[in-house]
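Take a look at the letters that make up each chain.
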Amino acid sequence: MSVQNVLNLIKEKNIEWVDFRFVGLSGKAQHISLPATEVDEETFVNGVAFDGSSIPGFRGIEQSDMVMVPDTETAYVDPFTAHPTLVIMSNIHTPEGDRYDRDPRSIAQKAEEYLQTTGIGTQAFFAPESEFFIFDDVRYENGMNKSYFEVDSEEAGWNTGRKEEGGNLGYKVPVKGGYVPVAPVDSQQDIRSEMCRLLAETGLRIERHHHEVATAGQAEINFRFDALTKTADNLLKYKYIVANTARQYGKVATFMPKPLFGDNGSGMHVHMSIFKEGEPLFYEKGAYANLSELAMHYIGGILYHAPALIAITNPSTNSFKRLVPGYEAPVNLVFSKGNRSAAVRIPIAAVTPKGCRIEFRTPDSTANPYLAFAAMLMAGLDGIKKKIDPRALGYGPFDTNIYELSDAEKAEIRSVPGTLDEALDALAADSDFLLEGGVFTQDFIDNYIEYKRGEAKAVAIRIHPHEYNLYFDC
């Protein structure tokens, strides 16, 4: 969409405000709104100034001035605002006009540019399956003398005996019993359908939605794959629309990986493929799971670099509460064409050559999608360049139930890091593949590790309620 087309859209839709957005290190969208009357062609050239020192992980106060440069291709009308508002994503530049090396969106674009320079392919496609919970009530507090969280859902399995409903209707979702039941057990068909309607209105192609495995309103909506940066843009739009639709229904949505103890967490399984001039590169009929050798080497890069990669794809302390055995969690650094406990799965049902892809199941939605997708592509490309064969390194294929293997057999399988600090240690030791082509910079990686270690320390030094169960009467 050209600048003139955006200006025309502002007139056609009687837009009153233009909401310029960017994404910080955490992956959360930030925004500044300008009156539509103040937006002209120069706005798209000169950008919109903001204070970078107020964005965690960006700039110090001595270098606070930064500029959002709008990307007209991302424009859509906000479906929630009372005053007609146009949303536009932006890249971050310095006041001198240079692309900012710590801007996640720019890093994603550099990864796409790097792919083309390698000669391996011309486009990388991504499709995330971002799961979430829809709760009716969320309460939490951390103080000197108290620390707790409490969530509730009318469909939760723990509410079979609740009297406050004015007559308990009895249809509740059991723990681990929420995968695709019909109504009235699935009480959230309409809210998910409304989310899909709004997503479609804003340009996403919706493929399906359904209730997920966990109790208490776990859900999944799938939208169509696209190129790397575009998919990251779409994921931010997806999370924005999911959260605000839930709010309109008097509920709250969260993409937190493990909000409930003892039931499945929410992942963000990411499907990936590479094309060259419109031709798929991952397909080879008759090979294992119909995967080409190039695709095998891509898997090799993902699994070889997985411990470091997980510092970016699973960047929260809560991520590692999900990555535990027994909840369909992909904790094993192996590949398989069916096993959902494997970090990499190859979908084989109803797959065409152009639909041939790999699925990295470990990530979750606390990841900044621009950084996560870029890092996955860089790991896969490193595997292709170095011809890393996952079969030769003992990464599979594992098409049996890994949980039924003997302890000795399990000991031969690498697992994901157990904590955020372990993942950050792995990233510090293995980051050269991210630096290729100047996609990531050493400054970015050092800053990222320092920022995330601060989060890990903030959690580690706080008193956990379970410690009272363990130690109070010592």
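What counts, and at which threshold
Residues numbered from 1 in each chain as written. Predicted model: local features only at pLDDT ≥ 70, side-chain atom pairs only at ≥ 80, totals over all residues. Heavy atoms only, no water. Helix = DSSP H or I, 4+ residues; strand = E, 2+ residues; numbered from the N terminus. Rg over C-alpha atoms; globule rule 2.2 N^0.38 Å. Buried < 20%, exposed > 50% of the residue type's maximum accessible area, 1.4 Å probe, protein only. Areas by Shrake-Rupley, 256 points an atom, 1.4 Å probe, with all protein chains shown as cover. Lys, Arg positive; Asp, Glu negative; His and termini not counted. Charge placed at Lys NZ, Arg CZ, Asp CG, Glu CD. 1 Å grid on protein atoms, 1.4 Å probe; cavity = no way out; pocket = protein on both sides within 12 Å on 5 of 7 lines; lining within 4 Å. Points joined across faces, edges and corners; volume = space filled by probe spheres on them. Nonpolar A, V, L, I, M, F, W, Y, C, P; charged D, E, K, R; others polar. UniProt positions renumbered as here; feature names shortened; annotations may be inferred. Contact = heavy atoms within 4.5 Å. Patch = residues over 30% accessible without salt bridge, like charges linked within 9 Å, V, L, I, M, F, W, Y side chains within 5 Å. Salt bridge = Lys/Arg side-chain N within 4 Å of Asp/Glu carboxyl O. Polar contact = N/O pair within 3.5 Å; in protein donor to acceptor, adjacent residues only side chain to side chain. Axes fitted to C-alpha atoms, helices over the stretch in contact; angles between N-to-C directions. Parallel < 35°, antiparallel > 145°, perpendicular 65-115°, else oblique. Left-handed = near helix turned anticlockwise from the far one by under 90°. Pairing = 2+ DSSP bridges.

## Things to note about the overall build of the chain
- Looking only at helices and strands, the chain features 14 helices and 18 strands.
- What you see for the chain is a C-alpha radius of gyration of 23 Å, in line with the 23 Å of a compact globule of 474 residues.
- Taken along its principal axes, the extent of the C-alpha atoms in the chain is 65 × 60 × 50 Å.
- Looking at the chain as a whole, 52% of its 474 residues qualify as buried.
- On the chain, roughly 21500 Å² of surface is accessible, and the fraction owed to carbon and sulfur atoms is 51%.
- Across the chain, the 46 positively charged side chains and the 66 negatively charged ones have centroids separated by 4 Å.

## Here we look at the layout of surface pockets
- Approximately 960 Å³ is the volume found for the second largest pocket.
- Surrounding the second largest pocket, 45 residues form its lining, Glu129, Arg208, His271, Arg345 and Arg357 being those nearest its centre.
- Of all the secondary structure elements, the ones that give two or more residues to the lining of the second largest pocket are strand S7 (123-135), strand S10 (206-211), strand S11 (218-223) and strand S14 (268-276).
- Taken together, the residues that form the lining of the second largest pocket break down as 18 nonpolar, 11 polar and 16 charged.

## Details of the UniProt feature "binding site: L-glutamate" (unreviewed entry) in the chain
- Per the UniProt annotation, the sites labelled "binding site: L-glutamate" (unreviewed entry) are Asn264, Gly265, Arg322, Glu328, Arg340 and Arg361. The annotated residues occupy 98 residues of the chain but converge on a single region, no pair of C-alpha atoms lying more than 14.0 Å apart. The annotated residues contributing to the lining of the second largest pocket are Asn264, Gly265, Arg322, Glu328, Arg340 and Arg361.
- Within the secondary structure, glycine 265 sits in the loop between strand S13 (252-254) and S14.
- Contacts of glycine 265, omitting those with residues within four sequence positions, involve Glu131, Gln218, Pro257, Lys258 and Arg322.
- Within the secondary structure, arginine 340 is located in the loop between strand S16 (332-336) and strand S17 (342-345).
- With near-sequence residues (within four places) excluded, arginine 340 lies in contact with Glu328, Ala329, Pro330, Arg345 and Arg361.

## Re a nonpolar patch on the surface
- Residues Val138, Tyr140, Phe149 and Val252 make up a contiguous nonpolar surface patch of about 420 Å² in total accessible area.
- By the secondary structure assignment, phenylalanine 149 is in strand S9 (residues 147-152).
- We classify phenylalanine 149 as exposed; its relative accessible area is 55%.

## With respect to empty space enclosed by the protein
- Counted according to the given criterion, the structure contains two cavities of 30 Å³ or more.
- In this structure, the largest cavity is lined by Leu25, Ser26, Ile312, Pro315, Thr366, Ala367, Asn368, Leu371, Tyr448 and Lys452.
- Across the lining of the largest cavity, the residue classes tally to six nonpolar, three polar and one charged.
- Around the second largest cavity, the lining residues are Tyr114, Met378, Leu381, Asp382, Lys385, Phe433 and Glu436.

## Considerations on the pattern of salt bridges
- What the rule picks out here adds up to 24 salt bridges.
- A salt bridge links aspartate 101 to lysine 110, with the shortest nitrogen-to-oxygen separation between them at 3.6 Å.
- With a relative accessible area of 36%, aspartate 101 lands in the partly exposed category.
- Note that aspartate 421 and arginine 453 form a salt bridge whose closest N and O atoms lie 3.1 Å from each other. Note that aspartate 421 is positioned in helix H11 (residues 420-429) and arginine 453 in helix H13 (residues 442-460), a separation of 32 residues in sequence.
- Assessed through its relative accessible area of 34%, aspartate 421 is described here as partly exposed.

## Observations concerning the side chain of lysine 237
- Mapped onto the secondary structure, lysine 237 falls in helix H5 (residues 228-248).
- Buried within the structure, lysine 237 lacks any salt-bridge partner; aspartate 233 is the closest side chain of opposite charge, at an N-O distance of 8.3 Å.
- Separated by 2.6 Å, the side chain of lysine 237 and the backbone oxygen of threonine 202 make a polar contact.
- Leave out the neighbours within four places in its chain, and lysine 237 touches Tyr76, Leu199, Thr202 and Leu204.

## Remarks on the packing of helix H7 (residues 306-313) against H11
- It is the contact of H7 with H11, at a shortest axis distance of 7 Å, that shows an interaxial angle of 120 degrees. Judged by the inter-axis angle, H7 sits oblique to H11. Classified by chirality, the crossing of H11 by H7 is left-handed. Residues Pro307, Ala308, Ile310, Ala311 and Ile312 of H7 touch H11, and the partners they reach there are Ala423, Leu424, Ala426 and Leu427.

## Comments concerning the pairing of S9
- Of the strand pairs in this sheet, strand S8 (residues 137-142) and S9 are connected by six bridges, and their pairing is antiparallel. The partner of tyrosine 140 across the bridge, within S9, is phenylalanine 149.

## Concerning the UniProt feature "binding site: Mg(2+)" (unreviewed entry) in the chain
- Sequence positions flagged by UniProt for "binding site: Mg(2+)" (unreviewed entry) are, in local numbering, Glu129, Glu131, Glu212, Glu220, His269 and Glu359. Looking only at the residues we just named, the second largest pocket is lined by Glu129, Glu131, Glu212, Glu220, His269 and Glu359.
- Locating glutamate 220 in the fold gives a position in strand S11.
- A relative accessible area of 3% places glutamate 220 in the buried class.
- Setting aside residues up to four positions removed in sequence, glutamate 220 forms contacts with Glu129, Glu131, Phe132, Arg208, His209, His210 and Glu212.
- Within the fold, glutamate 359 resides in strand S18 (residues 358-360).
- When near neighbours in sequence (up to four residues on either side) are disregarded, glutamate 359 contacts Glu129, His269, Val270, His271, Ala343, Val344, Arg345 and Pro347.

## Regarding the packing of helix H3 (residues 104-118) against H5
- At a closest axis distance of 8 Å, the pairing of H3 and H5 adopts a crossing angle of 150 degrees. Our classification of the angle between H3 and H5 gives roughly antiparallel. Residues Arg105, Ala108, Gln109, Ala111 and Glu112 of H3 form the contact with H5, whose participating residues are Leu228, Thr229 and Asp233.
- Classifying every residue of the contact of H3 with H5 by side-chain character gives three nonpolar, two polar and three charged.

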